[in-house]
Every structure is written in structure tokens, then in C-alpha cells.
Amino acid sequence: MKLWQKVSLICSVILIVVVAACSALLLSMAKEELLTSAYERTELRHRELKNNFLKELDYHAVESDSGTVQHTLQHYCFSQVSESSAVLIVDEETVYSQLTFSPEDYLMPAENGRSVQYTGKINGKEYYIVGCQTSIPNLPRTVCIIYLAEDISSIHANIRSMMWMFALLGFVCTVIGLGLITILVRRSMAPLHKLQATASSIASGNYTERADVDSRDEISVLAQNFNNMAQSVERHVDELTATVKRQQLFIGAVTHEFKTPLTGILLNADTLQNIYMCEDEQAEALHNIEMQGKWLERLVQKMLRLLTINHEISLSEISVGDLIERVRASTEASLREKGIQLSVSCEAETVFGDIDLLQSALVNLVDNAAKASQPGQQININAHENVIEVSDCGKGIPTDALEHITEPFFMVDKSRSKRLGGVGLGLALVKEIIQAHNARLEIESMEGIGTTVRICFQQ
Amino acid sequence: MAANRILIVEDDSGIANTVALNLRYVGYDYLAFDDGRKAAAYLEKDHSFDLALLDIMLPGMDGFELFSYMEKYNIPVIYMTAKTDSESEVRGLRDGAEDYIVKPFEVVTLLVRIEKVLARTGRLNQVYRFQDMVIDAENRTLIKSGESIELTPLEFDVFCVLVRNKNRTVSRDRILNEIWGEDYFGDLRTVDVRVANIRKKLGMTDEIRTISKTGYRLEERKK
């Protein structure tokens, strides 16, 4: 069962119960009211009837012992004041009655003069009968009973018709109420439907989808949270996709890079095997194989380094002075061989990092600077607060190449780089190391003027 | 008719040198460049090449760009590249390249493809010279020191294969395949019989060397 159906059903049941209970309460109150007032009226009339009758008797009082005279007098007086539904019984003899039944069969007033009442169904009609015993002043021994019967069938009929009206009204109210409840519940559930549609759309892979719910209730809060969730899911999916794509590109580039030296090795081996060559040529082929093999080895080492950076990193407070000294020491020999000067200045105390990895990154940067420089030129390593920079006065990097420079296997001048022993992974390695330190790599370069590479650590 | 002349544009010197060496040994002329732009510039003044072997990833100008120059001078092209993605393959062939060879490749494959492309475009040099012999594969004649020498058709075919691949070891399988096609599963001994006959008829006991377990090699120089 759907939520809107449940809510509607619960509301409907409550509505029906409330309407029925209210109707029943109102009806019973009305019935009580009507009957009480009818009873009171009847009793009042009964009292008036008794008093009037006694007054009338007193007025027409006749000194006579004759039963007949008295009887006639009583009859006359009673008929003067009575109503159609009154009965007068004197000494167990009905003096006056216009009723079709005898009220004395139903109730017998006591002698103390108190009136007694009876309600009940007589001959198919509801009656309220009031009766009391009284004595006639002149005739102390006679027992006189006066009844007044009120037909209250109409009141009962009224109540019954009221009941039907209430039932009808209740029914109509319930139907209208049900309709309204259903519409309102469905309307307030509509944002949920939207949300649900959005959720299934996202589930089917449409991660950019967002819930558009503009109400100010909990559903809108839910939608807001839902959107936040969708956004973070989208971000993660995008990141994953980007990572996978990057890895695919990397693997593609790796296979491509492997193919060239492999081809060289295979071709040379094939040539050695199949061609009748002189010794010099054989030696050259063997040398070629060795060079290509070494190149492959360098490639493999750099790649392993690239892949393991994130596993082997252990950050600690390290001295920048020590770091730069280590870089200087490990590049000294090769720089001297190329006739390039290395100038070092250090104004920074410490940074937070892995000294081996940072050394590796800086050595790479110095190597790159050396490759770009001419003999006699100078390379500078400067360190100040949270920044270490390597700058050269070499040939510089073309502007359109700057953004690709850190991509694996990107080389500005491929054949030149290869001649100088580069495999195209140096800056990719540096970038990876810098990222592992949560630092930033900045490269500034002007063709013909030089390049400055800056490692900016977080404060 | 002079030897076929082949243009090599490949930036990896190891590959370029080895390919060049192989081409030289089997009797092709060649010219190698390691930069696309240099090759294009050279074509302006000299474009008498029968075939071009182009790498795709080249400094200066890539292989696809260079192709338009080859088209201009009507030079058939074989791409030689590590790019295996089908996109560049399709592009290479759609542009009109004759063939496409993916690194790493074998020398034999390259040589066979070169031969096929040259034959298809009618540029294959059919006249070979070996020492004092002139072998005309088209007219099926062999002249040694001005004298015509008769070889049976099969002997002639076997000798042609050896001459076309002079200085290279040619396996018996390959000789069979070259003559009877790939589907033929003949007795390898037939090759041995023909070779023995050729040696006898031409007096080339030393020049045609038996390479154990493999095949034969026609050697031009002696160590």
C-alpha cells in the first residue's frame, strides 16, 4: 500500500469515527432536550388542569349529597377546563375521558398527592402520561384522579428524521472529507514522487540529475540533503572516472613507450641472427641492444617509483638545508661534467615532508634544468618560507607545452630528450611527489630566457 | 635498372639504423631522417624514392602531415609506428597509405611488405646483380660473366629468393612460402635439392651457406 493511501485511509477512519460520534452525541442531547421540555410542559399543564378544575368546582360548588349531581357537576367543571387528552376518575369511576385507552391501567398515583409519570407505547403511539390523586374540598372522602396524556410520537418522529438527516449529512461530509484528504495528501506527497523519480534517474547512472522541490517542509529538507548526497556521489564518480581515464591514458602511453625500445632490441637481435655482418656492425648492433635495454630499465624504474610514491611516503619535519645539500651532492658530478654551475641559497628552516622523495623531485628538476642549459650557465636552488625553487637560464618551455609538461611521456623535443637519456617521466614523477605532500607545483617559463619551477608547501 | 630507393623517417636512431642496415644488406638504397620537417624539406629537391617508411610520432612534423608530401611526389607509404589504436590505423589507410606495420615488428615482415608494396605499385626492381651475375626476374634469365646459364624454373625461383634476401638468412619455410604460397606444405627437402643443384651449376659452394637448422644465406662478402 502506498504512503498516500495509508495516510488517506487513517485520516478517513478518524473522520468517520469523529463525525459519527459527534452526530450521536448531538442527537442524544437534542432528544433529551426535546423530551424534557415536552415532559415539563405536560406536567405544567397537568398542574394547571388540576388547579383550574378545583377552582371551577369551588366556584360552582353545590350543596348536595346526590351522587348524580356531584357527578354531573364534576363532569361539567372538568369539561370546562380540560383538554382532549385529560381523564378524570372519581372513586374509580371514569367521569371524563376522551382517550381510547384507560390510563389507570398504566399508572396509579399514590395517595400522597404526588404526581406520577409514565412513558410508553400505547396503541402504536408514544405517550407521556402524568397523573395525580387529589381530593375534592367539599367531598373529603372521594378519591379523585386526574390524568393528562401527551402524545409524544411526533417528537420521536422528529428525532428519527433528525437522525436520518444527521446520517445523510455525516455521509456527505465524510465523502467530501475523504476527497479533500486524498487530494491534499497526494499533493503534499507530490514532492516525494519527484524525489523518487530523481532518485531512480540517478540510480540508472544519470549523476547530474537534481531534485527540484520547492516547498518548505521536511520533504524539501530531505530533497536538499538528497541533492547534497547526489552531488557528492557525482563528485566521487567523476573523480573515479577521471582516475580510471588517467590510468588508461597512462597505460596506453606506457605500452607505447615500451614498444620503441622493444622494437629496437628485436630488430637488432634479428639482424644479428640473420645478417652476415662485419665485426664492427655486429658490435654496433649489440651496443644498440644494450642501450635500448638500459633505456627500458630506466623506464621501468621510473614507473615503479611513480606507482609506489603514495605507499612509501612518510611525512616528518625535515631541514631544508639538509635537503638542498643532499640535492647538491647528488647532482654535483653530472653538472660539473656538463660545465654547469649550481648556486644554492637557503633561508628556510624546515618543511614537513619525506626527505628522500623531495630529494628525488629536486634532483629531477635540476636534471631538467641541466638538460635545458648550455655549458657555462647557472642553475639556482632558492629556498624561503615554505617555497623551494629551481631556476635556470636555459632554452625555456614553449607556452603551448607548459600545460602538458607534467603529463607522463610528454616531451617538448622528443628526439632531443631521448638523446639526453630522458624517458619523459621526470616531471610526472615530480608532480606525483609534490601532490603526495599536498604541495603545489608552479612552473614559469620564457622561451630563450629560462624556467623557474617552484614547490609551494602548505602553510 | 638501379636498386629501389627507400626513404626512412624515424626518430628513434636504434630502429632507423637497424632498418637501414637491413635494407642496405638486401640491396636497397635508402636515405634516413629523424625529423619530419627535415625530410619534407629534402623532398623539395630530391624526391626520387620508390617507397617511404614513416613513423607517425615524429618531431617537427608528424607522419600524417608528411604523407601529403609523399602523395605530391607519388611515393607509396608504409607507416611504421607504435600507435596501435585503430583510429590512427584507419586514418593512415584511408589517407592512402599502402600498408601499416606496428612496432614491435620483425625485419622479415617489413622486408616482405616492402617487396609487396613495390611489386603492387610496379616499382619492384626485377633485375638483381650479384658479383659477376645479372639476374632478371622478369624475363627469367641469368647471365654469369656474359654467359647465359640455364636453371630449371624451380631452381630459378629459389635462387631469386636468395638473391632478393642476400646476406640474410632465409629459412626453408620462407623459400617454400615465397614460391608456392603460404598454404603449401611441401617437403622441405625439395629446397635442399634445388639449392644443391644451384650450387653445382653456378659454382657457388661457399657463397650459398647452409645455416644449420634454419636455411640458407647468400653471402656477398667473405670475412
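A few points on the structure. Sequence order sets the numbering: in each chain, residues are counted from 1 along the sequence as written. Written order decides the labels, with chains lettered from A and ligands numbered from 1. At least 70 in pLDDT is required for a residue's local features to be given in this predicted model, at least 80 for side-chain atom pairs to be given and counted, and no such filter applies to totals for whole chains, interfaces and linings, which use all residues. The basis for every side-chain value is the complete set of non-hydrogen atoms in the structure, without hydrogens or water.

## Overview of the nonpolar core
So, step 1. Buried Ala, Val, Leu, Ile, Met, Phe, Trp, Tyr and Cys residues form a nonpolar core when they are joined through side-chain atoms within 4.5 Å. Throughout, exposure labels follow a simple rule: accessible area from a 1.4 Å probe, protein chains only, divided by the maximum for the residue type, with under 20% read as buried, over 50% as exposed, and the rest as partly exposed. Counting residues in hydrophobic clusters, the biggest one holds 50 residues, and the most contacted among them are Leu362(A), Leu365(A), Ile379(A), Ile388(A), Val390(A) and Leu425(A).
So, step 2. With ten residues, helix α7 (residues 355–372) of chain A is the single largest residue contributor to this core.
So, step 3. Every residue pair with non-hydrogen atoms within 4.5 Å of one another is taken to be in contact. Apart from residues lying up to four places away in sequence, Ile388(A) is in contact with Val320(A), Leu323(A), Leu362(A), Ile381(A), Asn382(A), Ala383(A), Val453(A), Arg454(A), Ile455(A) and Phe457(A).
So, step 4. If you look at the next biggest cluster of nonpolar residues, it comprises 25 residues, including Met133(B), Val161(B), Val195(B) and Met204(B). In DSSP terms, a helix is any run of H or I states spanning at least four residues, a strand is any run of E spanning at least two, and both are numbered starting from the N terminus.

## Notes on the pairing of strand β8 (residues 141–144) of chain B
Residue and element names in this part refer to chain B.
So, step 1. Two strands make a pair as long as DSSP finds a minimum of two bridges between them. Where strand β7 (residues 133–136) meets β8, four bridges bridge the pair, whose relative direction is antiparallel. Considered in β8, the bridge of valine 134 is made with isoleucine 143.
So, step 2. Linking two consecutive strands that pair antiparallel, namely β7 and β8, is a turn of four residues; a positive phi of about 55° is found at arginine 140 within it.
So, step 3. As paired strands, β8 and strand β9 (residues 147–148) are joined by two bridges and run antiparallel to one another. In the sheet register, isoleucine 143 faces β9, and the bridge partner there is serine 148.
So, step 4. Joining the antiparallel neighbours β8 and β9 is a turn of two residues, in which serine 145 adopts a positive phi near 50°.

## Quick word on the side chain of Ser373(A)
Residue and element names in this part refer to chain A.
So, step 1. Mapped onto the elements, serine 373 comes out in the loop between α7 and β9 (378–384).
So, step 2. For serine 373, a relative accessible area of 8% corresponds to the buried category.
So, step 3. In terms of polar contacts, serine 373 uses its side chain to reach the backbone carbonyl oxygen of alanine 369, at 2.7 Å. Under this definition, polar contacts are N or O atom pairs within 3.5 Å; protein pairs additionally need one hydrogen-donor-capable and one acceptor-capable atom, and for neighbouring residues in sequence, both atoms have to be side-chain atoms.

## Side note on the sheet that holds strand β5 (residues 139–151) of chain A
Residues and elements named next belong to chain A.
So, step 1. Spatially, the five strands line up as an open sheet ordered β2-β1-β5-β4-β3, and their pairing is antiparallel. Looking at the sheet topology across the chains shown, the edges are occupied by β2 (93–97) and β3 (116–122). Geometrically, the sheet is characterised by an average inter-axis angle of 25° between neighbouring strands, direction not taken into account.
So, step 2. Across seven bridges, the pairing between β3 and strand β4 (residues 125–136) is antiparallel. Helix axes use the C-alpha atoms of the stretch in contact, all axes being lines fitted to C-alpha atoms, and the angles between their N-to-C directions lie in the range 0 to 180 degrees.

## A short note on the pairing of β2(A)
Residue and element names in this part refer to chain A.
So, step 1. Relative to β2, strand β1 (residues 86–90) runs antiparallel, the two being bridged by four bridges. By the bridge assignment, isoleucine 89 is partnered in β2 with threonine 94.
So, step 2. If you look at the hairpin formed by β1 and β2, you'll find two residues sitting between the two strands, and aspartate 91 has a positive phi there, around 50°.

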